[in-house]
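So the chains spell out like this:
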Amino acid sequence: MNLETLNKLALERNDQTILGLFDTDTDRAQGFSISTGNLLFDYSKTQIDADIRNALIRLCDEAGLADRRTAMFDGAKINETEGRSVLHTALRNLDGGPVEVDGLDVMPDVLDTLHRMRVFAEEVRGGAVIGAGGSFTDVVNIGIGGSDLGPVMATHALAPYHDGPRLHYVSNVDGAHIADTLRQLDPTRTLVIVASKTFTTIETMTNARTARAWMADGGGDPAKQFAAVSSALDKTQAFGIPSEHVFGFADWVGGRYSVWGPVGLPVMIAVGSNAFDAFLRGGQAMDVHFQAADWVENMPVLLALVGIWHRQVLGHSSRAVLPYDQRLLRLPAYFQQLEMESNGKSVAMDGSPLTGPSGPVVWGEPGTNGQHAFYQLIHQGTDVIPCEFMVAAEGHEPELVHHHRLLLANCFAQSEALMRGRGLDEARQLMADKGLQGEELERQARHRVFPGNRPSSTLIYPMLTPFVLGQIIALYEHRVFVEGVLLGINSFDQWGVELGKELATSLGPVVDGEISADGKDGSTAALVAYALRHRD
């Protein structure tokens, strides 16, 4: 990626402030915002001006973004290291035409699986499918990574629409997670969904076997009360799950992009097939926008370009995702996986080392909680951390509208405070008004200086509905894709996950005490020895 022009512009505008950009352009808020489908993305509180935006947009053409986008939607194998297509978009292609992989249209299978999911979800919700003790009161989803983060996030987000059985999620192989979850449930009225494409993921299968034993010991019927999201029919059958309770998906759907399909089954059971369809249509609407809009009016593209400006040009290594929506409490973790597993790479598509930084560290918490935790560093710390705020104009609780107005005020105030800051003269006056004088006034004033000129963007939407949630998730998926194309990397493999898995498998017998730790480094051997000495 050629950043020469952008680096030059950044140096030329080193003294330019965000607030100054508003002073010179009274229409800046309108000129540096994008709308689509009632979503508004405001990136005016960044240092990006018209020349910088034009230079950023030129990167899209230089990288061949349009052709790469077409290739993805057409089913080309853009995941080159694994030889796979990237077609999570097909899972929400409810009104689109054929999508071919190796000359075969995948849409009939996609729509058939979606139909089977709808039937099963409504049967569970309506009591046509029951457990040994009657209709299901609870559903436990066992998965990890993309098979957990997506549905967990969506279930929390869509809580106002949740009218089905209670949902629980188990991901960690730590026995505390499944023990604490199952302890409160009736094994005769609990449905367990095991989500693992290969049905070999060690954490998931360990938890699944524990759940099966708990159910059998408690009078439940695992043959009736287990379902699977997997493409390994031989393994699900061997586990005892009937084929009509198994929902598969192809290898062209990556785990962190899979909530749109069978991995979203627990969400569909919670909120119903109609609400889940609205979620899909929200994602589909963002797909249409992403494919049709010019770069300067394309929300995923501009979101990505803001990210490139902050990370690759200005060198900010961290990005905070700050939803002012309690029901989006798992969204930062979901985006963390989406971005860091996708673009946390050090080599280009051709295997050559990257010459600049790849993706940023992504993290965050809902507001206003974060304000009382880490905003101190964001406002006055030595590192600049670009912030991405998101908030609904209206909440789901009309009787608590005063709460939501306070939430909005806090969200808007934080982005304004990051931009404006507080200078030393203002801080001195503040201390003088409190009666301080001399050296103590000066000392206290310096503690109350806010550097300001810290960038943020805001995504605002009418209300968090299933459709809007679909728009938001697809928006960020495409943002990650665009950033990957501009960086020249493969955003759709995750080899960095594999080495730790391999070593954990080899260490299993060592930790069990079956074989010695000979050959391991001194630290690992010492840690194993400690664990063995203190084992019950």
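For the structure, check the block above.
This write-up is about the structure you can find in this document. (Residues numbered from 1 in each chain as written. Predicted model: local features only at pLDDT ≥ 70, side-chain atom pairs only at ≥ 80, totals over all residues. Heavy atoms only, no water.)

## Quick word on the pairing of strand β10 (residues 226-229)
Here comes step 1: Burial along β10 is two-sided: Phe226 and Ala228 and Ala227 and Val229, pointing in opposite directions, are all buried.
Here comes step 2: Note that strand β9 (residues 190-195) and β10 share 4 bridges and pair parallel. Looking at the pairing, Ala195 lines up with Val229 of β10. (Buried < 20%, exposed > 50% of the residue type's maximum accessible area, 1.4 Å probe, protein only. Helix = DSSP H or I, 4+ residues; strand = E, 2+ residues; numbered from the N terminus. Pairing = 2+ DSSP bridges.)

## Examining the packing of aromatic side chains
Here comes step 1: A full pass over the atoms with the stated rule returns 16 aromatic pairs.
Here comes step 2: With a centroid separation of 6.0 Å and an interplanar angle of 50°, the aromatic rings of Tyr324 and Phe389 are classed as tilted. Residue Tyr324 is found in strand β12 (residues 318-324), and its partner Phe389 is found in strand β14 (residues 387-392); the two are separated by 65 residues along the sequence.
Here comes step 3: Its relative accessible area of 0% is what places Tyr324 among the buried residues.
Here comes step 4: Given the relative accessible area of 1%, Phe389 is considered buried.
Here comes step 5: With centroids separated by 6.0 Å and ring planes inclined at 50°, the aromatic side chains of Tyr334 and Phe335 adopt a geometry described as tilted.
Here comes step 6: The exposure class of Tyr334 is buried, given its relative accessible area of 2%.
Here comes step 7: A relative accessible area of 2% means that Phe335 is categorised as buried. (Phe/Tyr/Trp six-rings, centres within 6.5 Å; stacked < 30°, edge-to-face > 60°.)

## Quick look at the sheet that holds strand β13 (residues 361-363)
Here comes step 1: The mixed open sheet is built from 6 strands, whose spatial order is β1-β2-β15-β14-β12-β13. Strands with a single pairing partner mark the edges of an open sheet, and in this sheet they are β1 (33-36) and β13. Averaged over all neighbouring strand pairs, the angle between strand axes comes to 15°, with direction disregarded.
Here comes step 2: Here β12 runs beside β14; their pairing, made up of 5 bridges, is parallel. (Axes fitted to C-alpha atoms, helices over the stretch in contact; angles between N-to-C directions.)

## Topic: the environment of His88
Here comes step 1: Position of His88 among the secondary structure elements: in the loop between α5 (65-74) and β3 (100-101).
Here comes step 2: On the accessibility criterion, His88 (2% relative accessible area) is buried.
Here comes step 3: It is 9.7 Å that separates the C-alpha atoms of His88 and Met72, two residues lying 16 residues apart in sequence.
Here comes step 4: Not counting chain neighbours up to four residues away, the residues in contact with His88 comprise Trp252, Tyr257, Trp260, Glu477 and Phe492. (Contact = heavy atoms within 4.5 Å.)

## Observations regarding the sheet that holds β10
Here comes step 1: Taken in spatial order, the 5 strands make up an open sheet running β8-β7-β9-β10-β11, and their pairing is parallel. Lying at the two open borders of the sheet, with one neighbouring strand each, are β8 (166-170) and β11 (246-247).
Here comes step 2: Direction of pairing for strand β7 (residues 138-142) relative to β8: parallel, over a ladder of 5 bridges. The residue of β8 that forms the bridge with Val140 is His168.

## Digging into the nonpolar core
Here comes step 1: Phe335 and Leu469 are the most contacted members of the largest nonpolar core, which totals 112 residues.
Here comes step 2: Element by element, the count of residues in this core is highest for helix α20 (residues 466-487), at 13 residues.
Here comes step 3: Setting aside residues no more than four positions away along its own chain, Leu469 makes contact with Met153, Ala154, Ala157, Leu158, Phe279, Leu328 and Leu464.
Here comes step 4: If you look at the next biggest cluster of nonpolar residues, it comprises 20 residues, including Val192, Phe226, Ala228 and Val246. (Core = buried A, V, L, I, M, F, W, Y, C linked by side-chain atoms within 4.5 Å.)

## Description of the packing of helix α13 (residues 273-292) against helix α14 (residues 299-313)
Here comes step 1: Where α13 contacts α14, the two axes come as close as 8 Å, and the packing angle between them is 75°. Relative to α14, the element α13 lies roughly perpendicular. Facing α13, whose interface residues are Met286, His289 and Phe290, α14 presents Met299, Pro300 and Val301.
Here comes step 2: In terms of residue class, the contact of α13 with α14 is made up of 5 nonpolar, 1 polar and no charged. (Parallel < 35°, antiparallel > 145°, perpendicular 65-115°, else oblique. Nonpolar A, V, L, I, M, F, W, Y, C, P; charged D, E, K, R; others polar.)

## Points about helix α1 (residues 4-12)
Here comes step 1: For α1, every residue scored as buried is listed here: Leu6, Leu9 and Ala10. The buried residues of α1 all sit within an arc of 100° when viewed along its axis, so they share a single face. In this structure, α1 carries Glu4, Lys8, Leu11 and Glu12 as exposed residues pointing more than 90 degrees from its buried face. (Arc of directions from axis to C-beta.)

## Some thoughts on the packing of helix α15 (residues 331-343) against α20
Packed helix pairs are specified by the crossing angle of their axes together with the interaxial distance, meaning the distance between the axes.
Here comes step 1: Closest axis-to-axis distance for the α15/α20 pair is 10 Å, and the angle between their directions is 25°. Regarding the angle of α15 to α20, the classification is roughly parallel. Crossing geometry of α15 relative to α20 is assigned as right-handed. Contact residues: α15 offers Leu331, Tyr334, Phe335, Leu338, Glu339, Ser342 and Asn343, while α20 offers Ile472, Ile473, Tyr476, Glu477, Arg479, Val480, Glu483 and Gly484. (Left-handed = near helix turned anticlockwise from the far one by under 90°.)

## Some words on the pattern of salt bridges
Here comes step 1: On inspection of all chains with the given rule, the structure shows 28 salt bridges.
Here comes step 2: For the salt bridge of Arg166 with Asp138, the shortest nitrogen-to-oxygen distance reads 2.8 Å. Pair noted here: Arg166 is in strand β8 and Asp138 is in strand β7, with a separation of 28 residues, a long-range link.
Here comes step 3: Salt-bridge contacts for Glu416 lead to Arg420; the nearest nitrogen and oxygen are separated by 2.8 Å. Here Glu416 pairs with Arg420, and both are found in helix α17 (residues 401-420), just 4 residues apart, close to one helical turn.
Here comes step 4: The exposure class of Arg420 is partly exposed, given its relative accessible area of 47%.
Here comes step 5: A cluster of three or more residues bridged by salt bridges with shared partners is formed by Arg319, Glu339, Glu388, Arg479 and Glu483. (Salt bridge = Lys/Arg side-chain N within 4 Å of Asp/Glu carboxyl O.)

## Brief notes about unusual backbone geometry
Residues apart from glycine generally show negative phi values, whereas peptide bonds are mostly found in trans.
Here comes step 1: Residues Gly367 and Thr368 are joined by a peptide bond in cis, for which omega reads 15°.
Here comes step 2: Tracing the backbone shows Thr368 in the loop between β13 and α16 (375-380).
Here comes step 3: The phi dihedral of Asn38 is positive, around 75°, even though this residue is not glycine.
Here comes step 4: Residue Asn38 is classed as exposed on the basis of its relative accessible area of 64%.
Here comes step 5: Even without a glycine there, the phi angle at Asp102 is positive, about 55°.

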